[in-house]
Every structure is written in C-alpha cells, then in structure tokens.
Amino acid sequence: METASLKHAEAAEAFLRDEENADWHNETLWFVRSKRDRAAHSLPEWEQLREQASQIKTHTLSRLDDYLIQLEENAKKNGITVHWAANGDEHNRIVHSILQQHNASKIVKSKSMLTEECHLNPYLIERGIEVIDTDLGERIIQLRNEPPSHIVMPAIHLKKKHIGDLFHQHLGTEAGAEDPQYLTEAARIHLRQKFLMADVAITGVNFAIAETGGFVVCTNEGNADLGAHLAKVHIACMGIEKVIPKAEHLGVFLRLLTRSATGQPITTFSSHFRKPGPGQEMHLVLVDNGRTRQLASPDFRNSLKCIRCGACMNTCPVYRRSGGHSYHTAVAGPIGSILAPNIDMKEYADLPFASTLCGSCSNVCPVKIDIHQQLYKWRQVLGEAGAVESSKKMGMSGMDVLFSHPWLYRFAGRAGRWLMQKFPSLANKPSLNPWAIHRDMPKPPAQSFRDWYAEQNKKTNG
Amino acid sequence: MNVGLFIPCYVDQFYPQVGIATLRLLESLGVTVTFPMEQTCCGQPMANSGFQRLSAGCDKNFIQNFANCDVVVGPSGSCVLHLKDHLHSDERPDEAARLRANVYELCEFLTDVLKVESLPNARFPHRVGLHTSCHGQRGLGLSSMSELVAPTFSKPEQLLRMVDGLELIELTHPDECCGFGGTFCVFEEALSSKMGKDRVADHLRHGAEVITGGDMSCLMQLEGVLRRQNSSVKIKHIAEILAS
C-alpha cells in the first residue's frame, strides 16, 4: 500500500504562503482557546466534571448495544420512527426515501457533522432536492461550495470581506459591505424564506437519551428549532456514539460542551426533542459508519467519547497554522486525525503525522480522550500496514542499523561532523536538507561529548 | 546511588557542552556519575515515525549499557519520556521495567530526587526566556499546564530562580509547542518552521537575551530560526545555566 502521505504537509505549506492570513487564523483560534480557558477556570470543579464525563462515556461505550436498543424502544414509544444505517450510503438512502415518501423537494438542515461525514448534501442535490444549510457559517461555506474548516465554526477561515463579497454575489447585498449586523440581517431574511418553504427539516443530534428516547440539539442560532417546528417532517441523524444513558447525565455534558467549544457557559439553544408535534413526523437515523470497528479496538475506542466541541482544534498549534481544509476530512484537527484513518486508512494516512504530539489536545478535551497517544498509536498501525512513504521507512531502517551498532554510530557521527565542517554549504542546502529552507543547521563541534569524556578519563587515569 | 548519565545522540554529536554541563552540575552536587560509552539513541525517531518495532535494537543497546545503574539521568525531556513510555525488551522485560521506572529528566532529578534547594555558585546575569518543552511538561509533568484547572508550578523555573542575577521573562504563550516534533520538522517543514518562528517571536517580544529549556531538540529548532534571522539572542540548555 503506497500513499501520498504529504497531503497535509503540502496543503499546510500552501496555507502558510499567505503568512498574514495564517497569523490571523492562528490568533483568532487562540482567542477562542483563551475564552475556553476563562470559562474552564470559572468552575473550580472543572477537572472533576471532565472526569465524570469521561467515566459516563466509558460506561456507555462498554454497553453501547444495550443503550442503543433502549433508546430505540423508548423513541418508538414516543412515536419516533427509528432507522439504522450501517454506513454513509445507507444513511443517505434512508434520508432520501423519507423525502420521497413525502414528495419533499426542499429541505432545511441545521448543522450536523455526521451528514458532512456521509456526504448527504451532494447525494440529495444530485437527486434534485434543494438542501439549505441554516447555520450561518454552514450557509456561507455552502454558498462558496466548500466543506467546513472547523466542526463548530465552519467558516472560521473566512474574513468579513469574503462574506461581504459572497453575499453581494448571492444575496444581493451592497458591494463592499462588511458590517456584520447588515450582513447577518441579509442572511436572516434569506434563511427565513427557506425555513417557510421547507417540506422537511434535518438536524444533527448532540445527545440522545436512552432512558427517555429523546434527544438534544445544541445551536447558537435557534435554526434547528425553527426548521424542526415549521416543517412537517423532522429527520434527526446521529452517530451511534451520541447516546447517553440517562437525562441526569445531560447536565455534565451541557456544562462542558460550549465552555470547551467557544467559552460560552451554555449554548444559546439546547433544544430537547422527545416526540413529534401534532400532525408532524419525527425520524431518528442511527449511523454506524465505522464506529463499531473503532469500538472493537481497545487502542482507539476512546475516540468515540468525542462530543464534537472542537476544543482540540482551537488549541492545536498545527491546526491553527494550517487551517481545517489541510486535513481533507469532514472532522479536521487532532480528533479528526484519529477518527479519519478508521474510515479510510489509506486516504488519511498522513493525518496522524500532522502533529508534534505536543499533547495540548488531550488536556483540553472535555471527555479526556487521549488524543495525542492515539495519534502515536495510529502511526504504529500505519507503519505496520505499510501506509507511510517508503522513503521514510528506509530512513528509519537506516537509523535502526546505525543506533543498534555503537561503533557505526560513532563512526557516522565523526564522519558527519567532519563533512559538515568541510562542506557547510552542503548541510545548509535546502534542496538536500529541508531543515535548511527556513532554519540554519547547528555548527558541528570538533569533538563529541563521548570523545571529550574519553579524553578526560584518560587524563585522570593516566 | 549509581547514576548513569544518558546523553542523547544529537546532544552527543552537536551539543557536547550540554553533556559537559550536565556532568559537572551533577558532580558539583555530590553525585557519582558514570557515562556508559556504548550508548547511542533512545529510539524515539523511529517510534514517532510509526516504526516502534525498529527501535528494538536501540532498546537492547540501552538496556545493556545502563543495566548496572540504579537510576538514569538525561538532559532531555523528550528522550526520557520516550524511554519511560516505550523502553521494551522481550529478553529482559524486568530490566526494561526497572529502567523505565528509574529514568529521570535532569530537572526532575534535581528537584524530586536530590531535592536541591539552592545553587550557591550559579550566576547568570541575563534576561532569560524559558521554553517549556511539550514532552517535559505534558509528558513528564515537569510543570503545570495552561489547559488544566490546577495549581501552577514549574520544576525548571524553580531551579532557574536559584541562579543569581538571572531575570526570568514572562511569555504571552508560556506553553506553546516550538514545532520541532522529531521528524515532523522535516516532513512538515513549512509548518514546523512557522511554529519555530512564532515561538522565537514571543521570546523576542518580551526582551529575552537568552532562551533556555530542558530539551536541546526544541532549542536546536529555536536556534536554527534565530541564526537565520542573524539574531544576537543566544540559546543555552538549562544545564549550562545551572552549572554556570
């Protein structure tokens, strides 16, 4: 198996070419991370809360089948139709078949990373259905025909100017307008029309409660409510890991979610759905798409605890400087880098290497996923599977030989330092040594520590 | 206590003065230190690149070299963390486990084992920026982490405060990664360099004359950036300052 593992590196290099923009992106996300810190520090019980959330998730994952069956039973009792999808395709077919039953041609959709993961929009659009994303950030990137670059702030890579130009082109706002109030008003008018016309509303699910058969959708704009209440049919799509056992556990997660995501104490709207309204229909689609495979792996199971807050992205020094699109997957950043290889190991073999393993992601994670340790483990899996570049593998085999033989190591060290002293321009030639493109090499000393030590010993003893 | 000095390969080859300072510092504190001559590398480069399997030879060599030592001390958080987490041997599993439990990064050895409370001879009258390396901080727990709601502390800082004349500067991002990341520095060259540049800029903005830290690999990254900028700001491993 051979892959082009440099994908992320190349995309990052392209993103960094506009250094001013990259700095702005970095600082914007750091600002969100700082807000998260202030929110976390406002709760003295923060670390206990994280521990509690992590334990609830550990427990839930250990009995996921039971809780999903309980969820299904209770949801059915409430009058919700429950569907099971093994993968993205099946999910899309189920959603489409519900639309067909209602002759629905216009749908509004609130933010859902699962539908992004399953590529629902293109699937429906190809079948003649108008899909309107109603989260403002999602709508912006939809108009630009781009995927989200962040799971919570999908258009975080864009500046006001980009939005002004985009709205001028699509929504008829004044050319050059950058006032957020004015642009938001325009989007609101545009979206209200779409809400009123929609036959079906699709939402994601933040938490589904096994005990009650209900589910919770968190938004800051109220767009999930507006869609679900106006349309005749509400389809809610969730990954199977989104189930929690009881309503009493919800408070733990709601307190952590938005503090971690944006530094807010809670989302503006935490909407609880339990049964269809009069004359309405409610569907819940439960999607696996590789999750049971991840569940079966002790090393990677923990990644299913993710509540999609995006805190790991905001803190990640790599994400902040390379942008979400460099990860070429629906869920970017550190968490995406441990989820994506489970879906397609070959396609995403580069992502576990797009990290310095600094560990900040694991520390901000509200459910304590050992993200950086999983990145390390994925590297081993990819190395074993032959999914890393052959040049890297050869280099590492060479190092193995070098470091397993002390005499060879000593000889190579001496030869290397001698070469660097005699031909410093070679060592600092960017075409031979990528280190030297933006950095200088250290000056090689005449003597290694080992040689110095041997000399000292000789002097003392001899 | 038979202390084995572990000098990581790149320190041995490129920064012998760091090894010398570490040795002198330990000896000045009354520790008997031996340096096993056949040691090479901790195996981290292979492991972090996805080939932990290929570090078996390294592990074997390490165990062979340090088997007689009660504890192992090295001036590199990153290498020490790798050994603590991954040193492994099918043939000598007990030996490997004992060494994993008894390998220390220099600062933690000084604060936690030797319980050093003063360094009467240390003098370094400069404005110093401390680069907190990720593996030392988050991996070995050498200092508190800005992400966690927990009391603040720093073992390297605690030691630097014992040095006469030294002025420690504040940083905007006290624990941001420098971008070295082992082979990341080559395979993600553009990103790695940018991270290094940003890290250096934080120190320069706050008027550092010297940047220090417990990991020479991070410092090599920062030095590479400083040199390219023709900066007069110097890099010194914390051992060099504590031994000065």
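Because the structure is predicted, anything quoted here is derived from the model rather than measured.

Q: I keep staring at unusual backbone geometry and nothing clicks. Help me out?
A: Glycine aside, the phi torsion of most residues is negative, and most peptide linkages are trans. All names here are of chain A. The phi dihedral of arginine 308 falls on the positive side, at around 60 degrees, and the residue is not glycine. Secondary-structure assignment places arginine 308 in the loop between helix H13 (291–295) and helix H14 (311–315). Taking the relative accessible area as the measure of exposure, arginine 308 reaches 14% and is therefore buried. The backbone of leucine 357 sits at a positive phi, close to 60 degrees, despite the residue not being glycine. Position of leucine 357 among the secondary structure elements: in the loop between helix H16 (333–343) and helix H17 (360–364).

Q: Please clarify how the packing of helix H22 (residues 449–461) of chain A against helix H2 (residues 16–28) of chain B should be interpreted in this entry.
A: Any two packed helices are characterised by how steeply their axes cross, that is the angle between the axes, and by the distance between the axes. Where H22(A) contacts H2(B), the two axes come as close as 8 Å, and the packing angle between them is 45 degrees. In terms of orientation, H22(A) lies oblique with respect to H2(B). Counting all contacts with H22(A), which are made through Phe449(A), Trp452(A) and Tyr453(A), the residues of H2(B) involved are Pro16(B), Gly19(B), Ile20(B), Leu23(B) and Arg24(B). Here the residues of the contact of H22(A) with H2(B) are counted per class, giving six nonpolar, one polar and one charged.

Q: Teacher, can you tell me more about the confidence of the model for chain A here?
A: Should pLDDT be low for a region, the predicted coordinates there are not to be read in detail. Of the residues in chain A, 98% have a pLDDT of 70 or more, and the chain-wide mean is 95. Low pLDDT (under 50) marks residues 1–5 of chain A, which in the prediction has 15 contacts with non-local residues, meaning those over four places away or in another chain.

Q: Can you help me understand the interface of chain B and chain A in this one?
A: A common way to express how large an interface is: the accessible area buried when the components associate. Between chain B and chain A, the residue contacts involve 71 residues of the former and 75 residues of the latter. In total, chain B and chain A occlude about 6600 Å² of area from one another, counting both sides; carbon and sulfur atoms represent 59% of this. Our enumeration of links across chain B and chain A arrives at 11 salt bridges. Of the charged contacts, one joins Glu176(B) and Arg321(A) as a salt bridge, the two residues approaching to 2.9 Å between their closest N and O atoms. Taken together, the connections running from chain B to chain A amount to 40 residue pairs in polar contact (both at pLDDT 80 or more). Element by element, the count of residues in the side of chain B that touches chain A is highest for helix H11 (residues 189–205) of chain B, at nine residues.

Q: What is the right way to read the pairing of strand E6 (residues 214–219) of chain A from this model?
A: Walk down a regular strand and you will see the side chains alternate between the two sheet faces. Residue and element names in this part refer to chain A. Within E6, six of the six residues are buried, which leaves it mostly tucked inside the rest of the structure. In this sheet, E6 lies alongside strand E5 (residues 207–209) in antiparallel orientation, the contact comprising three bridges. Residue pairing for E6: phenylalanine 207 is matched across the bridge by valine 216. A loop of four residues connects E5 with E6, the two strands running antiparallel in sequence, and glycine 213 in this loop sits at a positive phi of about 75 degrees. Bridge count for E6 against strand E9 (residues 269–273) is five bridges, and the pairing is antiparallel. Bridge pairing in E9 places phenylalanine 215 opposite phenylalanine 273.

Q: What is the right way to look at the state of the cysteines in this model?
A: Covalent bonding between the sulfur atoms of two cysteines is what defines a disulfide. Summed over all chains, the structure comprises zero disulfides over all chains. Free cysteine Cys306(A): the closest other cysteine sulfur is in Cys309(A), separated by 6.6 Å. No disulfide involves Cys107(B); its sulfur sits 13 Å from the nearest other cysteine sulfur, which is in Cys218(B).

Q: Help me understand the pattern of salt bridges, please; the structure alone is not making it clear to me.
A: Taken as a whole and judged by the stated rule, the model has 41 salt bridges over all chains. One salt bridge connects Arg33(A) with Glu147(B), and the closest N-O pair in it is separated by 3.9 Å. Pair noted here: Arg33(A) is in helix H2 (residues 19–41) and Glu147(B) is in the loop between helix H8 (134–139) and helix H9 (155–160), and the two residues belong to different chains. Neither residue differs from the other here; Arg33(A) and Glu147(B) are each classed as buried. Here Arg308(A) ties to Glu241(A) by a salt bridge, and the two come within 3.6 Å at their closest N and O atoms. Placement of the pair is Arg308(A) in the loop between H13 and H14 and Glu241(A) in the loop between strand E7 (233–239) and strand E8 (243–244), with a sequence separation of 67 residues.

Q: Is there a simple way to explain the side chain of Asp225(A) in this structure?
A: Summarising the element assignment, Asp225(A) is placed in helix H11 (residues 223–230). Buried charged residue Asp225(A) carries no salt bridge. Nearest counter-charge: Arg192(A), at 10 Å.

Q: Explain the packing of aromatic side chains to me, please; I cannot follow it from the model alone.
A: Geometry of an aromatic ring pair is reported as the spacing of the ring centres plus the angle between the planes. Under the counting rule described, the total for this entry stands at 14 aromatic pairs over all chains. An angle of 90 degrees between the planes, with centres 6.3 Å apart, marks the rings of Phe6(B) and Phe66(B) as edge-to-face. Highlighted residues: Phe6(B) in the loop between strand E1 (3–5) and helix H1 (9–14) and Phe66(B) in helix H4 (residues 56–66), separated in sequence by 60 residues. With respect to burial, Phe6(B) and Phe66(B) carry one shared label: buried. Site record: aromatic cluster; members linked through ring pairs are Phe449(A), Trp452(A), Tyr453(A) and Phe35(B). Positioned above the aromatic ring of Phe253(A), the side-chain terminus of Lys57(A) is 5.4 Å from the ring centre. The ring of Phe353(A) carries the charged tip of Lys392(A) above its face, separated from the ring centre by 3.8 Å.

Rules used in this analysis
- Residues numbered from 1 in each chain as written.
- Chains lettered and ligands numbered in written order.
- Predicted model: local features only at pLDDT ≥ 70, side-chain atom pairs only at ≥ 80, totals over all residues.
- Heavy atoms only, no water.
- Helix = DSSP H or I, 4+ residues; strand = E, 2+ residues; numbered from the N terminus.
- Buried < 20%, exposed > 50% of the residue type's maximum accessible area, 1.4 Å probe, protein only.
- Axes fitted to C-alpha atoms, helices over the stretch in contact; angles between N-to-C directions.
- Parallel < 35°, antiparallel > 145°, perpendicular 65-115°, else oblique.
- Contact = heavy atoms within 4.5 Å.
- Nonpolar A, V, L, I, M, F, W, Y, C, P; charged D, E, K, R; others polar.
- pLDDT = per-residue confidence, 0-100.
- Buried area = accessible area lost by both parts, 1.4 Å probe.
- Salt bridge = Lys/Arg side-chain N within 4 Å of Asp/Glu carboxyl O.
- Polar contact = N/O pair within 3.5 Å; in protein donor to acceptor, adjacent residues only side chain to side chain.
- Pairing = 2+ DSSP bridges.
- Disulfide = S-S within 2.5 Å.
- Lys, Arg positive; Asp, Glu negative; His and termini not counted.
- Phe/Tyr/Trp six-rings, centres within 6.5 Å; stacked < 30°, edge-to-face > 60°.
- Lys NZ or Arg CZ within 6 Å of the ring centre and 35° of its normal.

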